[in-house]
Amino acid sequence: MGDGYCVEIKKGGVGLHSWTVKLFVLCTSMLAINGQVRYSIPEEMPKGSVVGNIVQDLGLDTKRLKTGRARIFTEGSREYIALNNDRGTLIVKEKVDREEMCGQITPCSLYYQIILENPVELHGIDVEILDINDNAPLFPDAAVKLEISEGSVVGTRFSLDNAVDPDVGINSIQSYSLFPTEHFKLNQHSHSDGSKYLEMVLQTTLDRETTKEHVLTLTAVDGGSPSRTGTVKIHIDVLDANDNAPVFSSRIYKASLSEDSPKGAVVLTVSASDADSGVNGEVSYSLAHTDNMADVFEIDSTSGDIKVTGSLDYENNKQYKLNVKAMDQGRLSDTAKVLIDVLDVNDNAPVITVMTFSDHIPENAPPDTVVAVLNVKDSDSDKNGEVRLYVDKDLPFKIKSSSSNIFRLVTDQNLDRERVPQYNITLTATDQGFSPHSTTKVLLLKVSDVNDNAPTFETSSYTAHIMENNSPGLSIFSVKASDKDTGHNARISYYLEETQMNSDLISTYVSINLESGVIHAVRAFDFEQMKELRIKVKALDGGSPPLSSNATVTIVITDQNDNTPQVLYPVKTSGSVVAEIVPRSADIGYLVTKVVAVDVDSGQNAWLSYKLQKAADRALFEVGAQNGEIRTVRQVTDKDAVKQKLTVIVEDNGQPSRSATVTVNVAVADSFPEVLSEFTDFTHDKDYNNNLTFYLILALVVVSFLFIFSVIAIISVKIYRWRQRKLYYKSTNNLPVIPYYPTMYSDGTLQHVYNYEVCGTTDSRMSDIKGMRPCSQNTLVSLSRAGTVQREQKQNDFGDISPEQKPPNNDWRLPPNQRPGPSGAGPLPEGAGVVAGTGPWPNPPTEAEQLQALMAGANAVSEATATMGPRYNAQYVPDYRQNVYIPGSTATLTANPQQPPQQALPPPQAMPPTDAPKAAQTPASKKKSTKKDKK
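*Asks:* Please explain the sheet that holds strand E33 (residues 438-448) as it appears in this structure.
*Replies:* Whether parallel or antiparallel, the strands of a sheet pair through hydrogen bonds between backbone atoms. Taken in spatial order, the four strands of this open sheet run E27-E33-E32-E29, and their pairing is mixed. Edge strands, defined here as strands with exactly one partner in the open sheet, are strand E27 (360-362) and strand E29 (387-391). Each strand axis lies, on average, 30° off the axis of its neighbour in the sheet, ignoring direction. When E29 meets strand E32 (residues 422-431), the two strands line up antiparallel, connected through five bridges. Of the residues in E32, the one forming a bridge with Val-387 is Asp-431.

Structure below.
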């Protein structure tokens, strides 16, 4: 039970721009019908126009509209109003024509229900459609023709048809006017029901001889703003005689009939009399023009009987208004009003409309949970329109009524999906009329599962057997649990309850498949260590919260014959030989010794039997099959050897059986020295075998160590050489090859030029250095092109150089400090002068010498560039990209076919004694020289 409210909101029509809100009634409802709102809007509003804001008027919010899936329910087939959930407003969905929808019925309203879910709420919406003056008055005929006798007396009345205006209220016809009014005037009369009729009254006598025809204009004016008018022309022909008009016996006739009246049924009979006689007194009847009346009723022109010609429907039209006209042969007439009331009969069955319905309901839903909200409508009236809604009493549901035509289907008791998974709910609606009609509707309601059942095992304890020495991963046993729930609630997972067994977790022994419940062995079991394993398995469903149950699984480990018998006596020793002494005078059955053995297996796998491995035909000893006692079977003779070796086989009773052997040394002698001499060879053989094994192992270790050491040494040498070559290759590619020029000048010009030409390629890791030789005195060097050394020579400077290869220089026999090149750069003999060229290198220069020469050349070039300025040009630098120098030879190969072969180094010649100035050392040259000294 809750208090509701009803609000009436009126929106003005054309020319009105205000809203009026009026609280008109306080309502009380049983269901969540929390509010009733009434709006008034003018007809013909365009689509999308706002009718009202239900969020403000009902106290709701837009979020509630969205979560509750708000929607409009209408009983009609057409939806003129729509709900905008985003803004919470009612808008015009389809243009409304009040005249088409309601005709002359006032007020004209649309009734809607706004439905909200979760929880279910109903809000009534009443939208009244206000009339606007959109229709002009219209006369039934385009022109009216009357014949009036000139003998008509003043005051004679002539009936005129009213104009029709579909609008109502102030917008309907308010007045009529007649023009001209020289002979006639217009009178308006009202019936008792408020309807109007028109009469044209003759004011002055007519004279046919003067005017044969009169034309009048009848105008109808409505009360709209602005007003609309309709006109009709009245053509009057002036006749002679017939001065009496027919007169009805009553101005208003009333009748009633049921809506199921058959066609042809007589409703009533009207009559009119005419004082004239003869032809002028004959009266004929007709129905004046009325909307759609000709399809429902007709009148007999002679008798005046009004009959039914169409079907009547109380739900569409409850009353019919007819205008009956009586006219004599002189065209004189009179009119009367006929009111026909339609009586309702129970001809309509109730209609059940589902406003909201959820086809799934959880099984834990409490009683009085709303399943569906239904609208039951019967178009009949009074008792015929009263309906009742019923549901089968055997179902756990009941009906609650919240208003005259809105019902709720709610649960009456707790539901159990496991017992009844779904319900076919049959709803029956019956009206209360005579010969009642009923309608049924079936709803299929499915019960959603709730996790209210825990998994159950087939039994609370299981026993499984497994043979020891099993392979890991072997399937041992399978447990199975069932759950009465469905879906995720019935999806069962299996887990092991983590406990300890022999200080180890149970999961180190077995595992279980999460889905199938199959138990697998994680390790191989040993019966001798563990006889059985007891685990707890938990079955857990997938519900929220999950439910579980436990079961105990006992895994019994079965023994397997996997252990050989162990001999306890005689004890096996490695250093000495134990022998049993049997005197030669021993009797038959003499107990020599007893072999004691055990088997850690159980059952028949541990039953042991004893026997001799090789029993001769005249054996001196035998062993007891069950007790292992070695006894003599005959007397000792002189032929029996002193040293006896008995091999006893100890065998268990398993399948397959396992056995162990033990050697028993027996000495047949009467004295200990005799025994000792016979058993000295045992230890000698054993020591020899032990020494041989030791030497073989030692030799294998030494050979393996030498092999590994050799492999590591070879790999180290290879890596070292590779790194040295890579380092030298990078240094020769990155350092510029620049010749060295001594700084011997007095006036800014070099008198003698010396250079070191270095032959190096970018594609080879080996380079060569050529000694000094004289060049042109005007040779200048420029660093305009880095990394490239060019050379320009004059033809007359080298005209005396022979292209033939000269014999090798014998300077290599000189001491190291007197050899040419960097390796012999020691102090020169006094007065020897300066050596310009001493021939090729006797031996290939070392890498350090090549590097030092390159760095010294770079320093000299930088100093010459700073001193000589612009005259130092790169065009005089020799081109090493086109020349190939052959180490150990005086010839040079060139890529230019026009250039003759050149000597790599000219023959040595003495130069005037001159003190060669030392080039200033840069930090880079100092660093290199220091490294060379260290080397």
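*Asks:* Just to check I follow, could you spell out the nonpolar core for this structure?
*Replies:* Considering soluble globular proteins, one finds that nonpolar side chains tend to be buried as a cluster. Ranked by internal contacts, the top residues of the largest apolar core, which has 27 residues, are Val-51, Ile-54, Ile-81, Leu-90, Tyr-112, Ile-125 and Val-127. If you tally residues by element for this core, the top one is strand E8 (residues 108-116), at five residues. Ignoring any residue separated from it by four or fewer positions in sequence, one finds Tyr-112 in contact with Ile-72, Phe-73, Thr-74, Glu-79, Tyr-80, Ile-81, His-123, Gly-124, Ile-125 and Val-127.

*Asks:* Can you walk me through the sheet that holds strand E10 (residues 143-149) in this structure?
*Replies:* Strand order in the open sheet formed by four strands is E10-E16-E15-E12, and the pairing between neighbours is mixed. Two strands close off the open sheet at either side, each with one partner strand: E10 and strand E12 (173-179). Mean inter-strand twist for the sheet, computed between neighbouring axes without regard to direction, equals 25°. Bridging between strand E15 (residues 213-222) and strand E16 (residues 229-239) involves nine bridges; their strand directions are antiparallel. From the neighbouring strand, Val-215 faces E16, where its bridge partner is His-235.

*Asks:* Just to check I follow, could you spell out the pattern of salt bridges for this structure?
*Replies:* Pairs can form between side chains of opposite charge once their charged atoms are near each other. Within this structure, the stated rule accounts for 25 salt bridges. Taking the shortest distance from any N to any O, the salt bridge between Glu-386 and Lys-383 comes out at 3.6 Å. Owing to a relative accessible area of 30%, Glu-386 belongs among the partly exposed residues under this scheme. In this structure Lys-383 comes out as exposed when scored by relative accessible area, which is 51%. Shared partners join several salt bridges into a network, and the residues in it are Asp-368, Lys-398, Lys-400 and Asp-412.

*Asks:* What is the right way to look at the pairing of strand E6 (residues 81-84) in this model?
*Replies:* Remark: a regular strand shows side chains that alternate across the two faces of the sheet. Pairing of E6 with strand E7 (residues 89-92), which is carried by four bridges, proceeds in the antiparallel orientation. Within E7, the residue paired with Leu-83 across the bridge is Leu-90. Counted between consecutive antiparallel strands, the loop separating E6 from E7 contains four residues, among which Gly-88 sits at a positive phi close to 75°.

Rules and cut-offs
Sequence order as written defines the numbering, with residues in each chain counted from 1. In keeping with the model being predicted, local features are shown solely for residues with a pLDDT of at least 70 and side-chain atom pairs are shown and tallied solely at 80 or more, while totals for entire chains, interfaces and linings include all residues. To get the side-chain values, all heavy atoms of the structure are used, and hydrogens and water are removed first. Here, any two strands with at least 2 DSSP bridges between them count as paired. Secondary structure is summarised from DSSP: a helix means a run of H or I of at least four residues, a strand means a run of E of at least two, and numbering begins at the N terminus for each. Under this scheme, a helix contributes an axis fitted over its contacting stretch, all axes are lines through C-alpha atoms, and angles between N-to-C directions fall in the 0 to 180 degree range. Grouping buried Ala, Val, Leu, Ile, Met, Phe, Trp, Tyr and Cys residues that are joined through side-chain atoms within 4.5 Å yields what is termed a nonpolar core. Only protein chains enter the accessibility calculation, which uses a 1.4 Å probe; a residue is then buried when its area is under 20% of its type maximum, exposed when over 50%, and partly exposed in between. Contacts: residue pairs with any heavy atoms within 4.5 Å of one another. What counts as a salt bridge is simple: a side-chain nitrogen of Lys or Arg found within 4 Å of a carboxyl oxygen of Asp or Glu.

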